[in-house]
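# An overview of the molecular structure
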Amino acid sequence: MAEPVITLLSDFGLKDPYVAEMKAVISAISPLTNIIDISHSIDKFDVRMGSFVLASAAPYFPKGTIHLAVVDPGVGTERRPLLVEAKSASYIGPDNGLLMLAAKKDGIKRAYVIRSRKFMLPKVSHTFHGRDIFAPAAAHLANGTPPSQFGPSIENYISPGFARPFLKSGKLHAEVLHVDDFGNIITNVTVQDLKKVGLRPKKMVSIKLKNRMLSMPFCETFGEAPLKAELAQIGSHGFLEIVVNQGSASKKFNARAGNHLIVSLEDSR
Amino acid sequence: MAEPVITLLSDFGLKDPYVAEMKAVISAISPLTNIIDISHSIDKFDVRMGSFVLASAAPYFPKGTIHLAVVDPGVGTERRPLLVEAKSASYIGPDNGLLMLAAKKDGIKRAYVIRSRKFMLPKVSHTFHGRDIFAPAAAHLANGTPPSQFGPSIENYISPGFARPFLKSGKLHAEVLHVDDFGNIITNVTVQDLKKVGLRPKKMVSIKLKNRMLSMPFCETFGEAPLKAELAQIGSHGFLEIVVNQGSASKKFNARAGNHLIVSLEDSR
Amino acid sequence: MAEPVITLLSDFGLKDPYVAEMKAVISAISPLTNIIDISHSIDKFDVRMGSFVLASAAPYFPKGTIHLAVVDPGVGTERRPLLVEAKSASYIGPDNGLLMLAAKKDGIKRAYVIRSRKFMLPKVSHTFHGRDIFAPAAAHLANGTPPSQFGPSIENYISPGFARPFLKSGKLHAEVLHVDDFGNIITNVTVQDLKKVGLRPKKMVSIKLKNRMLSMPFCETFGEAPLKAELAQIGSHGFLEIVVNQGSASKKFNARAGNHLIVSLEDSR
């Protein structure tokens with residue numbers, strides 16, 4: 001059997017030695033493990049963005065994958081290092097909510113505080129638990145160490161709520177989850193939510209975003225709208241996205257994660 | 001024997017989960033395959049740049065490599081997913097010309113439309129064929145599925161011409177192919193082309209670029225020119241490059257891919 | 001046994017085919033070798049930054065690792081290609097000092113000039129020794145070729161001195177080694193150096209940087225300082241760092257590698 005995959009996600013960026021040091025530690029402990037980067041370009045300290053990106057990618061990985069994620073503004077303080085065992089994968093990182101969107105979607109079985117020094121580097125710094133605690137934990141887990149040996153099981157891990165759209169007078173009050181590198185504005189509105197307001201392909205949708213009223217077609221593909229025109233569509237993760245055909249919607253509408261929006265079927269009298 | 005290498009090239013950037021989702025899909029289907037990134041920083045929707053970078057890197061990979069490339073402004077429209085079998089490698093991606101500079105250099109044996117749902121993810125989105133169609137196809141190909149099983153063979157794939165320099169009154173009319181991260185200006189002029197105008201190392205070359213007449217030495221290495229001075233040389237892919245010794249030629253001359261230039265031996269009366 | 005790890009470090013950036021070409025060459029010669037990127041975002045031609053990043057990451061890799069590093073402003077000139085055998089790893093790259101901070105820390109056993117054409121690509125360009133000389137050398141070394149077969153042993157390799165802080169009137173005169181992607185200002189001051197001036201956690205430290213006198217607490221973790229406030233701490237590589245809690249110290253103090261600073265215990269009368 002192939003060793004499990006270990007994925008890495010962080011806000012470390014790619015110029016410094018930090019990501020390589022985590023990989024070095026993993027490959028020293030578990031040489032045959034296959035390491036796959038999810039992203040190291042999470043905005044600095046943006047736990048929310050990290051949790052969205054992790055939760056988007058995680059379901060596509062093979063069963064048994066170990067996800068190591070570090071966006072960790074509280075490193076060195078009281079926040080605990082966490083190992084979460086879920087139905088199809090394990091999640092290792094700081095207890096600040098980062099892991100929980102992915103782990104809950106997956107189905108949490110049990111969470112542990114990583115406490116045993118045996119599975120850490122001999123010297124644990126105050127500032128880089130990714131290398132000194134999380135990477136060795138992931139590698140030892142890949143080698144077959146049972147989760148329960150890392151430390152005590154807990155239930156009071158931090159588990160942020162993620163805003164869901166709500167319906168009010170026939171309109172969806174929603175939120176921007178993420179703006180991707182193309183400038184696509186990804187909202188928290190699902191296909192099921194859209195059915196509640198009667199939105200179907202080929203109809204026009206009204207979107208109030210940053211005090212602007214936008215009107216655009218609800219399409220299945222970019223190509224249905226003219227070049228550089230905006231459209232709404234269901235993106236590859238099942239969420240409503242505001243997109244500009246071969247352009248950047250986030251630049252056009254100056255939008256960012258956390259912005260509120262109101263979505264409704266355009267009046268069709 | 002080791003599994004074949006799968007390479008990835010895209011315009012997805014590195015902050016989002018998209019690249020990782022392709023790798024996840026591949027490693028779920030073909031766990032022992034070695035995945036190597038060529039680039040994910042192709043300019044958005046720039047098929048031409050993607051095809052240049054792919055064609056530059058591909059020849060160095062071992063025989064049997066599978067190149068998966070996605071710069072895909074037409075995703076979800078009528079454009080077809082393609083699998084090209086060439087002499088030493090296979091190429092998978094959209095039928096928009098992206099694969100063809102590399103595949104033609106390699107020697108095309110046969111091209112197929114990827115149509116069999118058996119080799120796609122169960123749910124195919126309208127916006128992310130890289131993950132839903134191309135990645136599983138590459139992984140199944142790596143596992144040994146014969147190319148012909150993916151769909152019907154075609155011959156009318158899109159195959160853009162790539163501009164070649166032409167000689168007029170003893171001067172080469174040429175084009176900028178690519179500007180690299182160092183700011184080196186890579187042209188489509190080859191060593192053979194230069195022989196036609198009599199250019200040899202140590203001679204001076206005249207280059208008309210963006211209505212400016214430049215005069216610089218034709219060198220074998222950066223080091224022959226003073227620090228921060230411009231020079232022309234044959235780059236590592238066999239093309240004439242305009243370079244600034246430890247500086248950026250593209251900034252100095254404000255050049256970009258697609259710019260025209262006229263190259264001649266400097267008058268030596 | 002698993003093949004040794006080959007690490008890569010360069011100033012090539014990630015958009016061009018260059019990094020992939022090195023990986024292609026390695027995987028063609030040594031298909032089972034595990035390649036791990038340290039960084040390809042070293043500032044262009046910045047040998048000093050490259051040597052810092054390499055020396056930071058190298059000690060965490062398993063014994064037998066081969067580090068291939070290319071920041072190479074002198075490519076194609078007289079500068080020699082180098083293979084350094086050290087106690088726990090090998091180092092391959094240009095003879096310009098890039099490898100030496102890491103190799104000296106590791107313990108140099110012997111250095112060789114890479115001269116045998118047998119271990120280079122058939123055609124060696126003047127501009128890309130990373131692909132044509134260093135990558136094949138690393139792959140052949142991974143395959144078991146003894147270092148002495150690559151070329152003659154030398155002792156006159158370039159080995160820059162790295163500035164160490166010095167004590168003058170009870171103050172440490174020191175230097176900024178690196179500014180990381182978080183904006184943390186990493187100095188060349190170690191814990192041992194700090195003892196000489198009597199600095200201990202919880203004390204206040206005076207730092208003169210770019211003609212500004214700064215006063216900040218010397219902390220063990222970010223979290224001890226208020227949000228967006230500056231602090232000094234020992235970073236994950238054992239050096240004194242000037243940090244802003246969840247902010248960028250380099251932006252706040254406009255600092256960069258090479259800046260001088262004077263560190264002292266704040267007067268505690």
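Our subject is the structure that appears above.
The following refers to the structure shown. As the structure is a computational prediction, the values presented were derived from the model and not from experiment. (Residues numbered from 1 in each chain as written. Chains lettered and ligands numbered in written order. Predicted model: local features only at pLDDT ≥ 70, side-chain atom pairs only at ≥ 80, totals over all residues. Heavy atoms only, no water.)

### A few points about the relation of the copies chain B and chain A
At an RMSD of 0.0 Å, chain B and chain A line up after a rotation of 120 degrees and a shift of 0.0 Å along the axis. The operation mapping one copy onto its partner corresponds to a three-fold rotation axis. Minimal C-alpha separation from the rotation axis in chain B is found for Asn34(B), amounting to 5.2 Å. Here only 3% of the interface residues in chain B have copies in chain A that are interface residues too; the copies meet through unlike faces. (Least-squares fit on C-alpha atoms with pLDDT ≥ 70 in both. Contact = heavy atoms within 4.5 Å.)

### Structural notes on the sheet that holds strand E4 (residues 81–86) of chain A
All names here are of chain A. The mixed open sheet is built from seven strands, whose spatial order is E2-E1-E3-E5-E4-E6-E7. Whereas interior strands pair on both sides, the edge strands pair on one side only; in this sheet they are strand E2 (34–39) and strand E7 (153–154). In this sheet, E7 lies alongside strand E6 (residues 108–113) in antiparallel orientation, the contact comprising two bridges. Paired with Tyr112 across the bridge in E7 is Ser153. Seen against the sheet, helix H4 (residues 129–142) touches strand E1 (5–10), strand E3 (65–70), E4 and strand E5 (89–94) and runs at an angle of roughly 175 degrees to E3. (Pairing = 2+ DSSP bridges. Helix = DSSP H or I, 4+ residues; strand = E, 2+ residues; numbered from the N terminus. Axes fitted to C-alpha atoms, helices over the stretch in contact; angles between N-to-C directions.)

### Some points on the interface of chain B and chain A
Between chain B and chain A, the residue contacts involve 29 residues of the former and 34 residues of the latter. Across the interface of chain B and chain A, roughly 2600 Å² is buried in total on both sides, 65% from carbon and sulfur atoms. In terms of surface lost to chain A, no three residues of chain B exceed Lys15(B), Phe45(B) and Thr127(B), which account for 24% of the buried area on that side. On inspection of chain B and its partner chain A, the count reaches one salt bridge. Taking the shortest distance from any N to any O, the salt bridge between Asp181(A) and Lys44(B) comes out at 2.7 Å. For the interface between chain B and chain A, the tally reads 11 residue pairs in polar contact (both at pLDDT 80 or more). Of the residues that constitute the side of chain B that touches chain A, the class distribution is 15 nonpolar, seven polar and seven charged. (Buried area = accessible area lost by both parts, 1.4 Å probe. Salt bridge = Lys/Arg side-chain N within 4 Å of Asp/Glu carboxyl O. Polar contact = N/O pair within 3.5 Å; in protein donor to acceptor, adjacent residues only side chain to side chain. Nonpolar A, V, L, I, M, F, W, Y, C, P; charged D, E, K, R; others polar.)

### Some remarks on the sheet that holds strand E3 (residues 65–70) of chain C
Residue and element names in this part refer to chain C. Taken together, the seven strands give an open sheet; going across it, the order is E2-E1-E3-E5-E4-E6-E7, and neighbouring strands pair in mixed fashion. The outermost strands of the open sheet, each flanked by one partner alone, are strand E2 (34–39) and strand E7 (153–154). Contacting strand E1 (5–10), E3, strand E4 (81–86) and strand E5 (89–94), helix H4 (residues 129–142) runs over the sheet at an angle of about 175 degrees to E3.

### What to know about unusual backbone geometry
Backbone geometry places Asn211(B), a non-glycine residue, at a positive phi of 65 degrees. Here Asn211(B) is to be found in the loop between strand E11 (204–209) and strand E12 (212–219). Not every positive phi belongs to a glycine, and Lys202(C) is a case in point at roughly 80 degrees. Inspection of the secondary structure puts Lys202(C) in the loop between helix H5 (191–196) and strand E11 (204–209). Taking the relative accessible area as the measure of exposure, Lys202(C) reaches 66% and is therefore exposed. (Buried < 20%, exposed > 50% of the residue type's maximum accessible area, 1.4 Å probe, protein only.)

### What to know about the interface of chain B and chain C
Contacts between the two partners involve 34 residues from chain B, matched on the other side by 29 residues from chain C. When the area that chain B buries against chain C is broken down by residue, the three leading residues are Tyr60(B), Asp181(B) and Phe182(B), summing to 25%. Where chain B meets chain C, there are one salt bridge. Sorting the residues of the side of chain B that touches chain C by element identifies strand E2 (34–39), helix H2 (47–57), strand E9 (171–179) and strand E13 (230–234) of chain B as the ones contributing at least two each. For the side of chain B that touches chain C, the element with the most residues is E2(B), which contributes five residues. Residue composition of the side of chain B that touches chain C, by class: 17 nonpolar, 13 polar and four charged.

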